[in-house]
Amino acid sequence: MKQFYLITNEGKDPEGSCTGRIMEYIQAHGGSALCVAGESLADGRLRESGVECVLVLGGDGTLLRAARNMIDEDIPLIGINLGTLGYLAEVESANLEAALDQLLRDDYIREERMMLAGRVSGRIGEEESFALNDIVISRCGSLQMLAFHIYVNGRLLNSYSADGIIVATPTGSTGYNMSAGGPIVEPSARLLLLTPICPHTLNTRSIILAPEDEIRIEIPTGRDGGLQTVEANFDGSHQIPMQTGDYIVIGKAAKTTGILKLNTESFLSVLHKKMSE
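Residue numbering note: each chain is counted from 1, following its sequence as written. At least 70 in pLDDT is required for a residue's local features to be given in this predicted model, at least 80 for side-chain atom pairs to be given and counted, and no such filter applies to totals for whole chains, interfaces and linings, which use all residues. Where side-chain values are given, they derive from all heavy atoms of the structure, hydrogens and water being excluded.

(A) Examining the overall build of the chain more closely. A helix here means a DSSP run of H or I that spans at least four residues, while a strand means a run of E at least two residues long, and both kinds are numbered starting from the N terminus. Across its full length, the chain holds five helices and 19 strands. Each radius of gyration is computed over the set of C-alpha atoms, and the globule rule expresses the reference value as 2.2 Å times the number of residues to the power 0.38. Relative to a compact globule of 277 residues, whose C-alpha radius of gyration would be 19 Å, the chain shows 20 Å and is just as compact. Its C-alpha atoms give the chain principal-axis dimensions of about 65 × 40 × 35 Å. Here's how the labels work: a residue is buried when its accessible area is under 20% of the maximum for its type, exposed when over 50%, partly exposed in between, all with a 1.4 Å probe on protein chains only. A burial count over the chain gives 48% of its 277 residues as buried. Contacts spanning at least 24 positions in sequence make up 69% of the contacts within the chain whose residues lie at least 6 apart. When the accessible surface of the chain is totalled, it reaches about 12700 Å², and 50% of it is carbon and sulfur. Counted as positive: Lys and Arg. Counted as negative: Asp and Glu, with His and the chain ends omitted from the count. One atom stands in for each charge, and that atom is NZ of Lys, CZ of Arg, CG of Asp or CD of Glu. Here the chain contributes 23 positive and 36 negative side-chain charges, whose respective centroids are spaced 4 Å apart. Residue contacts are defined here by distance: any two heavy atoms, one from each residue, within 4.5 Å place the two residues in contact. Using a 1.4 Å probe, the Shrake-Rupley method yields the accessible areas, and only the shown protein chains count as cover for residues.

Given below as structure tokens:
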């Protein structure tokens, strides 16, 4: 591949030194690179312009936002870690040139990562968004516990009292899902993870569902029939407010996100390294 598009988190590269280093290297080796300010996208027509790969400079949050914004582009992403832990980032800044050499000579593996689609329905009408990692239904406002009614394929699964509910993809299993005690899953798997946040019972655990399953989370009245106000949070950066009487339907998105891999190190080896940092 020769044509690249750079999305840079300016907070992680304030002087633009890493961005400039990448662009100069690509151009010096026969490629072309276009960079946008901040984390915005051009105009939704990258594929028509011949772009073959998007380099995302920042942390996991930057890559997650890029995945949601580019769900219709069908252009693979690769993360360059300028943050801290960086589970999703394939490249560390110290190894930039070697990674760019691999991309320029087409020495990579493309993985298709499952995404989530979530459609909120209620008093505001309907609004849909997408997530590569997770969709989290959590409180906004007071610290009182929340009530949820959860249906899978139209049948009641359970009514939870908890601080929130996480629906995660395998890619997102190492995010909030892991922090909430959910299982870690190989990211190329196809399944849905349902994990309550701080459930108010002793026997509530994560549930693993088939990728074809449809999850419906209803917001009932709270304690003593009071109004509950919550929000659906898509990958930590896009929120849709919800309240009693509203519901969200979550399932596998029709489209996937392409993530480029450059090394043959196993997921378990990477996981061990990250958890040891």
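(B) Structural detail: the sheet that holds strand β13 (residues 192–197). Between any two strands, at least two bridges found by DSSP are needed for them to pair. Sheet architecture is open: six strands sit in the order β14-β13-β12-β9-β16-β17, paired in antiparallel fashion. Strand pairing shows two members of the sheet lacking a second neighbour, β14 (207–209) and β17 (238–243), which therefore form its edges. Adjacent strand axes in the sheet meet at a mean angle of 20°, parallel and antiparallel pairs treated alike. Lines fitted to C-alpha atoms define the axes here, with helix axes fitted over just the stretch in contact, and angles between the N-to-C directions of these axes take values from 0 to 180 degrees.

(C) Inspection of empty space enclosed by the protein at higher detail. Grid points spaced at 1 Å and placed over the protein atoms alone form the basis of the search, with a cavity being a set where a 1.4 Å probe fits but cannot get out and a pocket an open set showing protein on both sides within 12 Å along at least five of seven lines. Lining residues have an atom within 4 Å of a point. Grid points are joined across faces, edges and corners, and a volume is the space filled by probe spheres set on the points. Inspection of the entire model under this criterion finds one cavity of 30 Å³ or more. If you add up the space inside the largest cavity, you get close to 40 Å³. In terms of lining, the largest cavity is formed by Leu55, Ile78, Ile80, Val91, Leu96, Ala99, Leu100 and Leu103. Listing elements by their share of the lining of the largest cavity, those giving two or more residues are β4 (77–81) and α3 (96–104). Each residue belonging to the lining of the largest cavity can be placed in one class, and the counts come to eight nonpolar, no polar and no charged. Amino acids are sorted into nonpolar (Ala, Val, Leu, Ile, Met, Phe, Trp, Tyr, Cys and Pro), charged (Asp, Glu, Lys and Arg) and polar (every other residue, Gly among them).

(D) Main features of the pattern of salt bridges. Salt bridges are defined by distance alone: a side-chain nitrogen of Lys or Arg within 4 Å of a carboxyl oxygen of Asp or Glu. Applying the stated criterion across every chain, the model contains 11 salt bridges. Where Glu111 meets Arg113, a salt bridge forms, and the shortest distance between an N and an O atom there is 3.0 Å. A salt bridge links Arg123 to Asp246; the nearest nitrogen and oxygen atoms lie 2.5 Å apart. Taken as a pair, Arg123 in the loop between β7 (116–122) and β8 (125–131) and Asp246 in the loop between β17 and β18 (247–252) lie far apart in primary sequence, 123 residues in all. Given a relative accessible area of 45%, Arg123 falls into the partly exposed group. For Asp246, a relative accessible area of 4% corresponds to the buried category. What you see here is one network of salt bridges that share partners, running through Asp74, Arg110 and Glu112.

(E) Structural view of the layout of surface pockets. Counted as a void, the largest pocket has a volume near 670 Å³. Ala89, Glu90, Lys261, Asn263 and Val270 are, among the 32 residues lining the largest pocket, the residues nearest its centre. Breaking the lining of the largest pocket down by element, the ones donating at least two residues are β5 (91–92), α3, β6 (109–113), β19 (257–261) and α5 (267–276). Looking at the lining of the largest pocket, the element that brings in the most residues is α5, giving five residues. The residue makeup of the lining of the largest pocket, split by class, is 15 nonpolar, seven polar and 10 charged.

(F) Main features of the side chain of Glu90. Relative to the elements of secondary structure, Glu90 occurs in the loop between β4 and β5. Within 3.5 Å is the distance limit for a polar contact, defined as a pair of N or O atoms, with the added protein rule that one can donate a hydrogen and the other accept it, and that residues adjacent in sequence qualify only through two side-chain atoms. A distance of 2.7 Å separates a polar atom in the side chain of Glu90 from the backbone nitrogen of Leu262. When residues no more than four places from it in sequence are discounted, the contact partners of Glu90 are Ile78, Gly79, Leu260, Lys261, Leu262 and Asn263.

(G) Spatial organisation of the nonpolar core. By nonpolar core we mean a set of buried residues, namely Ala, Val, Leu, Ile, Met, Phe, Trp, Tyr and Cys, connected to one another through side-chain atoms within 4.5 Å. With 26 residues, the main nonpolar core has Ile137, Phe148, Ile217 and Ile248 as its most contacted residues. Broken down by element, this core gets its largest block of residues, four residues, from strand β10 (residues 146–152). Every residue in contact with Ile137, bar those within four places of it in the chain, is listed here: Phe148, Gly164, Ile165, Ile217, Ile219, Val230, Glu231, Ala232 and Ile248. Within the second largest apolar cluster, 23 residues are counted, among which are Leu57, Leu82, Leu100 and Leu103.

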